Structure formats: structure tokens, C-alpha cells
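# Report on the structure
Each chain, letter by letter, is given below.
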Amino acid sequence: MSIENQASFYLRNVCDYEPNINSDIIVTESVIKGFGEFSSLLRTVYQDWRSYETSTAPSVRTKIGIMSDDLENYHNLTYTLDFLFAIALTGELCSEGETQGLRIDKAQFKTEYKNPVAFPMGMLEKYGFCFNYFKGEKAVDEYKRCDRFDAYYENGEHLIESIKLIAHQLTKQEKKKEMPAKVAFMLADYTFILAGEINQNPLQKCIMNTLGPVKELWKELVYVIQDDCGFVADSSFNPYVFPNRTVTFKKNKKTICKFGVTVDRLNIRLPLSFEVAKDLILRRESLPPSINRNIDMFGCVNCGKCEDKNNIVMVDGVPLCNLPYMNEITEDSRCLRFDVTNLDEVSIVCDIVRKF
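Quick summary incoming for the structure in this document. None of the values given here were measured: they were computed from a predicted structure. (Residues numbered from 1 in each chain as written. Predicted model: local features only at pLDDT ≥ 70, side-chain atom pairs only at ≥ 80, totals over all residues. Heavy atoms only, no water.)

Now for the overall build of the protein chain. Within the protein chain, the secondary structure is distributed over 14 helices and 12 strands. The dimensions of the protein chain, computed from C-alpha atoms along their principal axes, are 85 × 50 × 35 Å. For the protein chain, with 356 residues in total, the buried portion stands at 48%. Sequence-distant contacts, at least 24 apart, represent 64% of the contacts inside the protein chain between residues at least 6 apart. Carbon and sulfur atoms make up 48% of the accessible area of the protein chain, which amounts to about 17,900 Å² in all. Across the protein chain, the mean location of the 43 positive side-chain charges is 5 Å away from that of the 50 negative side-chain charges. (Helix = DSSP H or I, 4+ residues; strand = E, 2+ residues; numbered from the N terminus. Buried < 20%, exposed > 50% of the residue type's maximum accessible area, 1.4 Å probe, protein only. Contact = heavy atoms within 4.5 Å. Areas by Shrake-Rupley, 256 points an atom, 1.4 Å probe, with all protein chains shown as cover. Lys, Arg positive; Asp, Glu negative; His and termini not counted. Charge placed at Lys NZ, Arg CZ, Asp CG, Glu CD.)

It is worth spelling out the packing of aromatic side chains at this point. All told, the structure shown has 21 aromatic pairs when counted by the stated rule. Summarising the aromatic geometry, the rings of Trp218 and Phe249 are spaced 6.1 Å apart at their centres and angled 50° between planes, so their arrangement reads as tilted. Of this pair, Trp218 sits in helix H10 (residues 215-228) while Phe249 sits in strand E7 (residues 244-251), and the two are 31 residues apart along the sequence. Of the residues examined, Trp218 reaches a relative accessible area of 0% and is grouped as buried. Through pairs of rings, three or more aromatic residues link up here, namely Phe83, Phe109, Tyr113, Phe129, Phe131, Tyr143, Phe149 and Tyr153. (Phe/Tyr/Trp six-rings, centres within 6.5 Å; stacked < 30°, edge-to-face > 60°.)

This part covers the pairing of strand E2 (residues 99-105). As judged from the five bridges shared by strand E1 (residues 92-96) and E2, these two strands associate in the antiparallel manner. Bridge assignment links Leu93 to a residue of E2, and that residue is Leu102. Remark: two residues form the turn of the hairpin made by E1 and E2, two consecutive strands paired antiparallel; Gly97 in that turn has positive phi of roughly 70°. (Pairing = 2+ DSSP bridges.)

Moving on, we get to the layout of surface pockets. If you add up the space inside the largest pocket, you get close to 420 Å³. Considering the residues around the largest pocket, the lining is formed by 25 residues, among which Cys15, Glu18, Thr191, Asn199 and Gln204 are closest to the centre. Elements with a minimum of two residues in the lining of the largest pocket: helix H8 (190-195), helix H9 (205-211) and strand E6 (232-238). A class-by-class count of the residues in the lining of the largest pocket yields nine nonpolar, eight polar and eight charged. As a volume, the second largest pocket reaches approximately 180 Å³. Here the lining of the second largest pocket is built from residues that sort into 10 nonpolar, six polar and two charged. (1 Å grid on protein atoms, 1.4 Å probe; cavity = no way out; pocket = protein on both sides within 12 Å on 5 of 7 lines; lining within 4 Å. Points joined across faces, edges and corners; volume = space filled by probe spheres on them. Nonpolar A, V, L, I, M, F, W, Y, C, P; charged D, E, K, R; others polar.)

With that out of the way, let us pick up the packing of helix H2 (residues 29-47) against helix H6 (residues 159-172). The N-to-C vectors of H2 and H6 enclose an angle of 90°; their axes lie 7 Å apart at closest approach. Between H2 and H6, the angle falls in the class roughly perpendicular. Where H2 abuts H6, its residues Ser30, Val31, Gly34, Phe35, Glu37, Phe38 and Leu41 lie against Leu159, Glu161, Ser162, Ile163, Leu165 and Ile166. Of the residues that constitute the contact of H2 with H6, the class distribution is eight nonpolar, three polar and two charged. (Axes fitted to C-alpha atoms, helices over the stretch in contact; angles between N-to-C directions. Parallel < 35°, antiparallel > 145°, perpendicular 65-115°, else oblique.)

A few words now on the sheet that holds strand E9 (residues 265-271). Taken together, five strands build an open sheet; the order of strands is E6-E7-E8-E9-E12 and the sheet is antiparallel. Strands with a single pairing partner mark the edges of an open sheet, and in this sheet they are E6 and strand E12 (335-339). The sheet shows a mean angle of 15° between the axes of neighbouring strands, direction not considered. As defined by bridge partners, E9 adjoins E12 across five bridges and the pair is classed as antiparallel. If you follow Asn267 over to E12, its bridge partner there is Asp339. Where H10 meets the sheet, its contacts fall on E6, E7, strand E8 (254-262) and E9, and the angle it forms with E7 comes to roughly 25°.

The buried fraction of strand E5 (residues 148-153) is high, at six of six residues. Residue alternation in E5 divides its side chains into two sets, Arg148, Asp150 and Tyr152 and Phe149, Ala151 and Tyr153, and both sets are buried. Both E2 and E5 contribute to a ladder of five bridges, which runs antiparallel. Looking at E5, one finds that Asp105 is bridged to Arg148. Summarising the sheet, strand E3 (residues 129-135) and E5 pair through six bridges and their orientation is antiparallel. By the bridge assignment for E5, Phe129 is matched with Tyr153.

A separate point is helix H14 (residues 343-353). Residues spaced three or four apart along an α-helix face the same direction, because each turn holds 3.6 residues. Within the sequence span of H14, burial applies to Glu345, Val346, Ile348, Val349, Cys350, Ile352 and Val353. The elements touched by buried residues of H14 are H10, E8, E9, helix H11 (274-282), helix H12 (289-295) and E12. The distance from a side-chain oxygen at the start of H14 to the backbone nitrogen of Asp344 is 3.1 Å, and the residue carrying that oxygen is Asn342. (Polar contact = N/O pair within 3.5 Å; in protein donor to acceptor, adjacent residues only side chain to side chain.)

This brings us to the nonpolar core. By size, the foremost hydrophobic cluster in this structure holds 69 residues, and its most contacted members are Phe38, Phe83, Ile87, Phe109, Phe131 and Phe149. Per element, the largest residue contribution to this core is 11 residues, and it comes from helix H3 (residues 68-90). Not counting residues up to four positions away in its chain, the partners in contact with Phe149 are Phe83, Ile87, Leu102, Arg103, Ile104, Phe109, Met121, Phe131, Asn132, Tyr133 and Tyr143. Listed in part, the 43 residues of the second largest apolar core include Leu211, Ile291, Val340 and Val349. (Core = buried A, V, L, I, M, F, W, Y, C linked by side-chain atoms within 4.5 Å.)

The values are spatial; any link to function lies outside them.
What follows is the structure in C-alpha cells.
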């Protein structure tokens with residue numbers, strides 16, 4: 001395994017600044033240029049994922065499902081961006097001639113970043129940062145001996161000013177579990193940074209980029225579910241270890257279906273009513289294999305809502321629960337869960353959703 005998938009997900013989710021973001025923050029032309037430099041830097045980092053694969057740890061599967069060496073490599077990547085966020089957060093703008101930089105008090109910096117610094121500093125130097133170290137007013141030759149350090153970026157004139165503004169804006173916002181500040185930073189999510197809002201557009205560029213070859217299937221699904229049926233999209237983001245997006249479509253407060261968005265992959269979870277599930281069973285010979293495999297999984301989930309499976313009805317040889325589902329466990333008794341890969345599957349899903 002490797003961290004290529006994680007890096008690819010982050011790469012495809014890096015945002016670009018758009019002037020139509022609904023924000024009260026006035027951004028200057030130089031800051032906008034800096035946003036462009038920052039987005040470009042992030043893409044460079046994520047495309048360079050092989051440079052973070054330095055672990056010599058034994059390759060053993062961890063409790064969370066990732067191999068131990070891959071987890072260390074993943075942290076190499078995320079700690080580098082955490083380091084950059086910490087210097088943007090704690091640094092004060094300074095200048096050396098016409099070059100703008102950040103002056104960072106080491107003690108304050110260490111309250112925000114508590115991991116080893118050698119690797120992320122080395123990686124940031126690779127991408128155009130340089131660091132000068134001081135003890136008092138005297139220059140010293142390494143981080144260990146300093147009590148403050150200055151950071152400059154040589155590959156762009158405006159990035160420093162912009163990441164300082166980004167960090168400042170993120171500290172002004174209330175903590176929001178759906179988009180932690182470090183995540184908004186590592187994706188350059190300017191909508192969240194400047195407006196404090198999650199972009200709920202299911203056809204936003206980041207989602208389309210992530211889906212890659214299945215994005216056209218997604219467009220058709222969104223057209224029917226959102227535009228035709230009028231259901232509302234609610235997006236959430238899991239940034240850690242196995243990053244993904246979840247787009248949930250709701251009718252008022254009721255969840256109709258959920259879609260998982262990962263690199264080149266679209267997964268659906270669509271709970272079915274008894275009647276819809278029965279209809280699928282009766283015409284299963286005309287259905288795609290993916291849906292037939294789900295029909296094979298219909299049956300009792302031992303939810304404890306009945307005795308001796310007396311709510312199971314046999315439909316054409318398939319055990320089907322006739323209880324209304326109450327939660328994700330009971331939903332599993334009759335639910336479609338598969339990777340969407342073709343228009344036949346999209347057509348079936350759309351037909352089902354139109355019945356809600």
C-alpha cells in the first residue's frame with residue numbers, strides 16, 4: 001500500500017479562490033494572488049507524495065485498518081501542513097527588504113505544533129521556504145538553539161500575506177466539527193475560510209474532480225434527486241486517514257439516500273421500503289448484477305423488533321422484512337449498497353428515488 005490515494009484525494013479537493021464567494025471580508029489583489037500561490041503550493045505538496053514515504057516501520061495492519069508504515073508516511077504529509085498552519089497562525093508579518101516573511105516566537109509556536117520539526121521544515125525548504133534562526137537578536141545556525149525564527153517564501157511574493165490572513169480568519173470562527181481549521185487550511189477551502197460556510201453544492205468542482213471518470217453518472221443522479229425531486233443535499237467531510245466526502249439527500253429531515261465520494265469512486269446507500277424491495281425482487285432478472293447482489297443480502301438482521309422472524313415474508317424465495325426501518329441497522333434488512341459504475345444502475349436508483 002501507499003499514501004497515494006490519500007494524497008490524490010487531497011489534491012483533487014484543493015480549492016481555488018472564486019470572487020463570487022459571499023463574504024464580508026475585503027481581499028486585496030495581492031491577497032488574491034497569494035491565494036493562487038497557496039493553492040499551487042498545496043497541489044505541489046500532494047503531487048509529491050512519494051517524498052513522504054520514508055517510514056522504516058514494520059508494515060503491520062493497525063486497529064484503524066491502515067498499515068503502520070503507511071500511517072507514519074501519512075503523518076509525514078499532514079504534519080508538514082500542520083507545521084505550515086502553525087507558523088501562519090503564530091507568526092507576525094515582517095520583511096527583509098522587499099520580501100515579506102513571518103517572525104515566529106518559538107515558545108508560542110510550540111503551543112500550536114507539538115510534533116518533530118526537522119522533516120516538515122526540510123520539506124517546506126524543498127518547496128521554496130527558507131528559515132532564519134535567532135536567539136535574542138543574535139543569529140544561530142539551527143532550530144534547536146533558537147528562541148525565534150523567521151520564515152520566507154521564495155517562489156511567490158504574496159503567499160505569506162495570504163496564509164496569514166487565512167489563519168487569522170480561521171481563528172475568528174467558532175470551532176465547527178464539520179470543518180476543523182487545519183482541514184480548511186490544507187484544502188484552501190476559501191468558501192469556509194472567508195464565509196464560514198460549507199459549500200453544499202453537490203456539483204462543486206472538488207467533488208467532480210474527486211469522482212473523475214464517474215462524474216457524469218453523478219451529474220445525472222444529482223439532476224434527478226436534487227433538481228427533479230427537490231431533495232436537499234447536505235455534505236460532510238472526513239479528512240483523516242481514509243479521507244472521503246459524504247453527500248446526504250434529505251426530504252425535510254428524513255434521509256433519502258447517501259453517497260460516499262472517494263477517488264474515482266461513487267458509493268451509494270439507499271434504504272428501500274418493503275414495496276420497493278418487493279418490486280425489485282420480482283423483476284430481478286432484468287436488474288444489474290450489483291443490485292442483484294444486494295437482493296441476495298436482504299433478510300433478517302436480528303434487530304430484536306420481532307420474535308422468531310415472524311416479520312419475514314418470503315418473496316420469490318428471498319426473505320424480506322416488512323417492518324419499517326428505524327436506524328441504519330434495521331435499514332440493512334433491505335438496502336442497496338454498491339459502487340455506482342454505469343447508467344443502468346443510475347436509472348434504477350432514479351426510478352426508486354422518484355417514489356419517495
